[in-house]
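Each chain is listed here by its residues.
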2 protein chains.
Amino acid sequence: MDKDISQAVIGRLPRYLRYLGELKDKNVERISSSELSVLMKVTASQIRQDLNNFGGFGQQGYGYNVDYLYNEISKILGLEHQYNFIIIGAGNLGKALGGYLNFEKRGFILKGMFDKAPELIGTDVRGVKVMPMEDLPSFIRNNSIDIAVLTIPKEGAVPVSKVLVDNGIRAIWNFAHVDLDVPEYVQVENVHLSDSLMKLSYNISSYNENNA
Amino acid sequence: MDKDISQAVIGRLPRYLRYLGELKDKNVERISSSELSVLMKVTASQIRQDLNNFGGFGQQGYGYNVDYLYNEISKILGLEHQYNFIIIGAGNLGKALGGYLNFEKRGFILKGMFDKAPELIGTDVRGVKVMPMEDLPSFIRNNSIDIAVLTIPKEGAVPVSKVLVDNGIRAIWNFAHVDLDVPEYVQVENVHLSDSLMKLSYNISSYNENNA
DNA sequence: GTAGAATTGACAATATTTTAACATAAGTTG
DNA sequence: CAACTTATGTTAAAATATTGTCAATTCTAC
């Protein structure tokens, strides 16, 4: 029944949510698409179009109720669910993500961390112990883990992703610099940091060339 | 003179570079757009179209020379330059980025780290010492810093970005969960990790709903 | 309660992006 | 070296995405 929403639209929803959250904090009760468009530096038309993919959240002559819209977007993004997640790779990046408290507020609960380095086993991040890789399969099966976060070097990522999928993982947040090859029913969100840095590099050089 | 290349195209270049690098490592000398399209799971047409934004790198009947194309894309991305960068925020995320050796291979040289927490001052990441925020302005001016990486909580990000820009920074890699407000001549690349996690959350719930 | 102002949701018009098609040039084979 | 194959670069077509417009509805003020 859901028509297919483009990833471009989905990609904008978290930003809407962020701005609406800020408005909530400032006790703003209502906002029109054109006011919001000024704040967010996008067109009012785009805001209305995006929101109307999911149904009419506003009211003519009034605009949008901030609280209501915030909650609706949260629901669309699936943030009313609770997700259990594990982190594979307990280096600085893994620890950073494990320590990020805002994820927990959104319903993402860190259940375990794994690493192959013996010296890391047993250390903990906010009370969550780092376990050896051998324990991974049984841990996933026994703790209803929804999401696996991959913060290991690219060499290990593909084999580890196979272990994850074989043991029932259906969503991977992939920070390894490689494309995973998983069945279509497994959702993968890639964060390729060096790609992002290269884009910045391009924009620096391109700006410099055009303004030399 | 450069016509304006869309950010969609730029965003794909690092991935091309990654696959070409792997082919180089395997001593593959030449590749056609259709072979590459199979590897990368995109259309051959898109590859040719993307590359032709920058000129003809291939040869009819032959395809593309892997080494040559790799170098050309590197140049386009500005990777033949060397960039000095600093990291503001020496928490786990800052340390993770500072410790990532591949950045150095690409010409991104970590020159300094900064934090406001007294207990972090003087600690070091790969020989680079963490300095107090007071030293930031003079350090930028005296060490030709090109890029500042912002890995601090959102509250501090906007004021710190003003200090950066006032002291000559022209590029910011922003991990703080807030939109910066900087002059147009300052390049900003945002990495909003929680946005990325929310996208994953959406795709999980959306898949579940459509396959219930 | 009525008139006027505000603002959505829907639709139409543009603009951009992606994919397909193909003429042309270069490589390859016997 | 001629015929055939390969594969680019380019142009055209199709698909998506974004922006603009406006009728219809609701709010607000008097």
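Residues numbered from 1 in each chain as written. Chains lettered and ligands numbered in written order. Predicted model: local features only at pLDDT ≥ 70, side-chain atom pairs only at ≥ 80, totals over all residues. Heavy atoms only, no water.

### Considerations on the sheet that holds strand β8 (residues 147-150) of chain A
Condition: Think of it this way: DSSP has to see at least two bridges between two strands before they count as a pair. A run of H or I in DSSP counts as a helix once it spans at least four residues, and a run of E counts as a strand once it spans at least two, with each numbered from the N terminus. Here a residue-residue contact requires only that any non-hydrogen atoms of the pair lie within 4.5 Å. For helices, the fitted line uses only the C-alpha atoms of the stretch in contact; every axis is such a line through C-alpha atoms, and the angle between N-to-C directions lies from 0 to 180 degrees.
The strand order β6-β7-β5-β4-β8-β9-β10 (chain A) describes an open sheet built from 7 strands, whose pairing is mixed. Looking at the sheet topology across the chains shown, the edges are occupied by β6 (124-125) and β10 (187-190) of chain A. Set on the sheet, helix α8 (residues 154-166) of chain A makes contact with β4 (83-88), β8 and β9 (171-174) of chain A; between it and β8 of chain A the angle comes to about 170°. Across the sheet, helix α9 (residues 193-210) of chain B lies against β4, β5 (108-115), β8, β9 and β10 of chain A, angled at about 165° from β10 of chain A, the strand it touches most.

### Some remarks on the sheet that holds strand β2 (residues 58-59) of chain B
Residue and element names in this part refer to chain B. One open sheet accounts for 3 strands, arranged β1-β3-β2; its pairing is antiparallel. A single partner strand is all that each edge strand has here, and the edge strands are β1 (30-31) and β2. Here β1 pairs with strand β3 (residues 63-65) via 2 bridges, running antiparallel. Residue pairing in the sheet places R30 in a bridge with N65 of β3.

### Things to note about the pattern of salt bridges
The condition is simple: By salt bridge we mean one thing: a side-chain nitrogen of Lys or Arg within 4 Å of a carboxyl oxygen of Asp or Glu. Working definition: with a 1.4 Å probe on protein chains only, accessible area under 20% of the residue-type maximum means buried, over 50% means exposed, and in between means partly exposed.
Within the structure shown, the criterion is met by 20 salt bridges over all chains. D179 of chain B is the salt-bridge partner of R18 of chain A, the closest N and O atoms lying 3.4 Å from each other. In this pair, R18 of chain A is assigned in helix α1 (residues 7-25) and D179 of chain B in the loop between β9 (171-174) and β10 (187-190), connecting two distinct chains. D179 of chain B carries the same exposure label as R18 of chain A, and that label is buried. For D124 of chain B, the salt bridge is made with K129 of chain B, and the minimal N-O distance between the two is 4.0 Å. Residue D124 of chain B is classed as partly exposed on the basis of its relative accessible area, which comes to 43%. The partly exposed category is assigned to K129 of chain B, whose relative accessible area is 45%. Among the ionic contacts, a cluster of salt bridges with common partners joins R15 and R18 of chain A together with D179 of chain B.

### Brief notes about the nonpolar core
What counts here: Put simply, a nonpolar core is a bunch of buried Ala, Val, Leu, Ile, Met, Phe, Trp, Tyr and Cys residues held in one set by side-chain atoms that sit within 4.5 Å of each other.
Within the largest apolar cluster, 98 residues are counted, with the highest numbers of intra-cluster contacts made by W173 of chain A together with W173 of chain B. Apart from the residues lying within four places of it in its own chain, the contact partners of W173 of chain A are L97, F103, A148, V149, L150, E189 and V191 of chain A together with L193, S196, L197 and L200 of chain B.

### Remarks on the protein's contact with DNA strand D
Short version of the rule: Only heavy atoms are used to decide nearness, and a residue is near a molecule or strand if one of them lies within 4 Å of it. In protein, a polar contact means a hydrogen-donor-capable atom and an acceptor-capable atom, both N or O and within 3.5 Å, with residues adjacent in sequence counting only if both atoms are side-chain atoms; elsewhere, any N or O pair within 3.5 Å suffices.
Residues in contact with DNA strand D amount to 27 residues; listed here are only the nearest, R30, S45 and Q60 of chain A together with S33 and Q60 of chain B. When atoms of DNA strand D within 4 Å of the protein are split into backbone and base, the sugar-phosphate part holds 64%. R30 of chain A places a side-chain nitrogen or oxygen 2.8 Å from a phosphate oxygen of DNA strand D. Side-chain polar atom of N52 of chain B to a phosphate oxygen of DNA strand D: 3.2 Å apart, as the coordinates give it.

### Comments concerning unusual backbone geometry
Residue and element names in this part refer to chain A. Even without being a glycine, N27 presents a positive backbone phi close to 60°. For N27, the position within the fold is in the loop between α1 and β1 (30-31). N27 sits in the exposed class, given a relative accessible area of 69%.

### Points about the side chain of S161 of chain B
Residue and element names in this part refer to chain B. Position of S161 among the secondary structure elements: in helix α8 (residues 154-166). Among the polar contacts made by the side chain of S161, one reaches the main-chain carbonyl oxygen of V158 at a distance of 2.7 Å. Ignoring sequence-local partners within four residues, the contact set of S161 consists of I172, L180 and V182.

### Some details on the relation of the copies chain B and chain A
We apply this condition: We superpose the copies by least squares over the C-alpha atoms of residues that have a pLDDT of at least 70 in both of them.
Expressed as a screw operation, the relation of chain B to chain A combines 0.0 Å of axial shift with a rotation of 180°, fitting to an RMSD of 0.0 Å. One copy is carried onto the other by what is essentially a two-fold rotation axis. Residue by residue, 100% of the interface of chain B is reproduced at the interface of chain A, so both copies engage with the same surface.

### Topic: the interface of chain B and chain A
Listed by partner, the interface residues are 58 residues for chain B and 58 residues for chain A. The tally of links between chain B and chain A comes to 8 salt bridges. Of the charged contacts, one joins K199 of chain A and E189 of chain B as a salt bridge, the two residues approaching to 3.6 Å between their closest N and O atoms. Taken together, the connections running from chain B to chain A amount to 24 residue pairs in polar contact (both at pLDDT 80 or more). Looking at the side of chain B that touches chain A, the elements with two or more residues in it are α1 (7-25), α5 (92-98), β9, β10 and α9 of chain B.

### Brief notes about the packing of aromatic side chains
Heads up, the condition is: Classification of ring pairs uses Phe, Tyr and Trp, with its six-membered ring standing for Trp, and accepts pairs whose centres are within 6.5 Å; under 30 degrees between planes counts as stacked, over 60 as edge-to-face, and the remaining range as tilted. Charge-over-ring placement is defined geometrically: NZ (Lys) or CZ (Arg) within 6 Å of the ring centre, and within 35 degrees of the ring normal.
Going through the model one piece at a time under the given rule, you end up with 12 aromatic pairs over all chains. Pairing F103 of chain A with W173 of chain A gives two aromatic rings, centres 5.7 Å apart and planes at 70°, and the pair type is edge-to-face. You can see F103 of chain A sitting in helix α6 (residues 101-105) and its partner W173 of chain A sitting in strand β9, a full 70 residues away along the chain. In terms of burial, F103 of chain A and W173 of chain A fall into one category: buried. Where F114 of chain B meets F139 of chain B, the ring centres are 5.4 Å apart and the plane angle is 75°; that geometry is what we call edge-to-face. Pair noted here: F114 of chain B is in strand β5 (residues 108-115) and F139 of chain B is in helix α7 (residues 136-142), with a separation of 25 residues, a long-range link. The same class applies to F114 of chain B and to F139 of chain B, which are both buried. Following the ring pairs from residue to residue traces out a cluster consisting of Y100, F103, W173 and F175 of chain A. Note that K24 of chain A overlies the ring of Y70 of chain A, its terminal NZ or CZ placed 4.5 Å from the centroid.

### Quick look at the protein's contact with DNA strand C
If you check the shell around DNA strand C, you find 27 residues, and the closest are S33, Q60 and Y64 of chain A together with S45 and Q60 of chain B. Q49 of chain A places a polar side-chain atom, nitrogen or oxygen, 3.3 Å from a base nitrogen of DNA strand C. At 3.0 Å, a backbone N or O of G61 of chain A approaches a sugar or linking oxygen of DNA strand C. Mapped onto the surface near DNA strand C, the elements with two or more residues apiece are α3 (44-52), β2 (58-59) and β3 (63-65) of chain A together with α3 (44-52) of chain B.

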